[in-house]
Amino acid sequence: MSKVQKELTHTRREIEQQPDLWVKTIKQFSKEKEKMEQFLHAIGQRHPHARVIFTGAGTSAFIGETIYPYVRQAIRNKGWEAEAISTTNLTANPYLFLDKEIPTILVSFARSGNSPESVAAVELAEKLVDEFYEITITCNQAGALAKREQGKERQLVLILPEESNDKGLAMTSSYSTMVLTALYLFSENKPGFEQTILDVSTAGKEMLEICANLIPKLVEEDFSRIVYLGSGVFEGLSRESALKFLELTAGRFPTMFDTSLGFRHGPKSILSSNTMVVVYLSNHPYTRKYDLDILKEIYAAEDRGKIVAISGSQEADVEKYSDYQVTIPLSDKDDINLALPYIIFAQLFAYEKSLHSGISPDNPSPTGVISRVVQGVQIYPFEGEL
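Residues numbered from 1 in each chain as written. Predicted model: local features only at pLDDT ≥ 70, side-chain atom pairs only at ≥ 80, totals over all residues. Heavy atoms only, no water.

Engineer: Got a sec to walk through helix H3 (residues 18–30)? Specific residues and values, please.
Structural biologist: A rise of 1.5 Å per residue sets the reference length of H3, with its 13 residues, at 18 Å; its end C-alpha atoms lie 18 Å apart and thus fit the reference within 8%. Looking at H3, one finds that the buried residues are Gln-18, Pro-19, Leu-21, Trp-22, Val-23, Thr-25, Ile-26 and Phe-29. Looking at the buried residues of H3, the elements they touch are helix H2 (10–16), helix H4 (33–46), strand S5 (155–159), helix H10 (173–186), helix H11 (190–219) and helix H15 (335–356). (Helix = DSSP H or I, 4+ residues; strand = E, 2+ residues; numbered from the N terminus. Expected span 1.5 Å × (residues − 1). Buried < 20%, exposed > 50% of the residue type's maximum accessible area, 1.4 Å probe, protein only. Contact = heavy atoms within 4.5 Å.)

Engineer: For the environment of Leu-338, give the residues involved together with the corresponding values.
Structural biologist: In this structure, Leu-338 sits in helix H15. For the pair formed by Leu-338 and Tyr-351, sequence separation is 13 residues and the distance between their alpha carbons is 20 Å. Non-local contacts of Leu-338, meaning those with residues more than four positions away in its chain, are made with Phe-234, Leu-281, Asn-283, Gly-312, Leu-330 and Lys-333.

Engineer: Residues and numbers for the packing of aromatic side chains, please.
Structural biologist: Under the counting rule described, the total for this entry stands at 16 aromatic pairs. With centroids separated by 5.9 Å and ring planes inclined at 20°, the aromatic side chains of Phe-54 and Phe-109 adopt a geometry described as stacked. Of this pair, Phe-54 sits in strand S1 (residues 50–55) while Phe-109 sits in strand S3 (residues 104–110); the two residues are 55 residues apart in sequence, bridging distant segments of the chain. Residue classification places Phe-54 among the buried positions, given a relative accessible area of 1%. Since its relative accessible area comes to 1%, Phe-109 is described here as buried. When the ring of Phe-234 is compared with that of Tyr-280, the centres are 6.0 Å apart and the planes differ by 50°; the resulting orientation is tilted. Of this pair, Phe-234 sits in helix H12 (residues 233–248) while Tyr-280 sits in strand S8 (residues 275–280), and the two are 46 residues apart along the sequence. Just as Phe-234 is buried, Tyr-280 falls in that class too. (Phe/Tyr/Trp six-rings, centres within 6.5 Å; stacked < 30°, edge-to-face > 60°.)

Engineer: Any details on the sheet that holds strand S6 (residues 225–229)? Residues and values, ideally.
Structural biologist: Pairing is parallel in the open sheet, where five strands are placed in the order S7-S6-S8-S9-S10. Here the strands that pair on one side only, and so sit at the sheet edges, are strand S7 (255–258) and strand S10 (324–327). Along the sheet, successive strands turn relative to each other by an average axial angle of 15°, direction set aside. The pairing of strand S9 (residues 307–311) with S10 spans four bridges and is classified as parallel. (Pairing = 2+ DSSP bridges. Axes fitted to C-alpha atoms, helices over the stretch in contact; angles between N-to-C directions.)

Engineer: Quick one: what's the story with the environment of Leu-128, residue by residue and with numbers?
Structural biologist: Within the element layout of this structure, Leu-128 appears in helix H8 (residues 116–128). Remark: the alpha-carbon pair of Leu-128 and Asp-99, spanning 29 residues in sequence, is separated by 7.9 Å. Among all residues touching Leu-128, those that are not within four sequence positions of it are Pro-94, Leu-98, Lys-100, Phe-382, Gly-384 and Leu-386.

What follows is the structure in structure tokens.
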């Protein structure tokens with residue numbers, strides 16, 4: 001694909017616009033923060049104990065997996081608990097995941113808002129849970145989830161800027177801006193969060209510059225599979241990163257994700273001279289020890305491929321025990337803030353490998369094996385009770 005064609009792809013534009021789009025998104029929702037706070041406060045007044053379930057399908061599910069370890073700390077003072085359960089699980093197994101008597105706030109992430117499982121999961125929860133509240137975070141104001149009507153006391157719909165509604169098959173801008181919106185929604189210090197996003201946006205732009213020089217070298221490396229490792233919020237991020245590479249390269253490169261500690265328990269058998277490993281390093285000094293340990297262990301392995309270390313701060317051991325390093329200037333920030341610029345690396349790497357492999361990133365599945373909105377799902381009525 002020529003340079004001109006490359007620049008015109010939706011996916012490339014949607015990846016590169018993210019740092020500016022993050023700032024635009026927060027500016028938009030800063031005008032709606034009173035509505036957000038009133039909605040959550042009213043639920044808190046009625047229910048001192050409640051479940052917050054982050055849900056979605058595919059990448060939208062991985063949003064919840066990325067943010068829930070962080071959000072559960074932020075909402076603990078409300079007496080609430082956060083967890084991530086995919087709509088694909090909720091729809092197929094509502095009797096395992098929903099509780100009739102526990103007040104539940106279902107936070108649905110949706111690029112299109114038309115995925116059959118995502119609509120079904122909300123409808124099932126509304127039917128089966130006595131005290132049910134619905135928050136929809138979506139990129140499409142015309143989607144089925146955005147158009148649902150449950151009443152102002154029970155429903156909050158947050159529509160992201162139009163640019164977040166990716167035209168490419170793979171979710172890029174939609175992933176990061178929905179992460180951002182959910183974090184803002186549950187933030188107890190929204191003015192402070194708004195300031196933090198300015199720093200994160202700057203780091204995102206720096207990541208784009210680093211990738212412009214680094215990724216052309218990475219795509220030329222001889223590897224046939226790739227592993228992403230990260231702990232805490234980076235476990236969900238690693239899962240999304242692995243999926244992005246799989247999607248954009250049409251499944252030609254098998255991928256895996258795991259935590260830094262979990263990798264030793266069997267998955268490490270994937271290591272070979274043809275396996276590239278990307279490690280997302282935590283900023284937390286305790287967790288970082290485990291990330292560095294696995295970095296050193298893989299680096300010392302006799303039969304290994306290249307190692308890429310991505311970090312929010314410079315450190316001699318990171319440079320010593322990896323083949324490539326990416327460092328962004330966010331050493332004073334929580335890991336959840338690092339997740340946004342980190343995902344730019346994964347998206348761009350997948351994009352460039354797609355081009356390098358002769359695949360169209362906007363449509364890496366021309367035969368329809370996967371599609372922008374999932375097809376072929378039969379939703380069955382659930383007749384039982386919880």
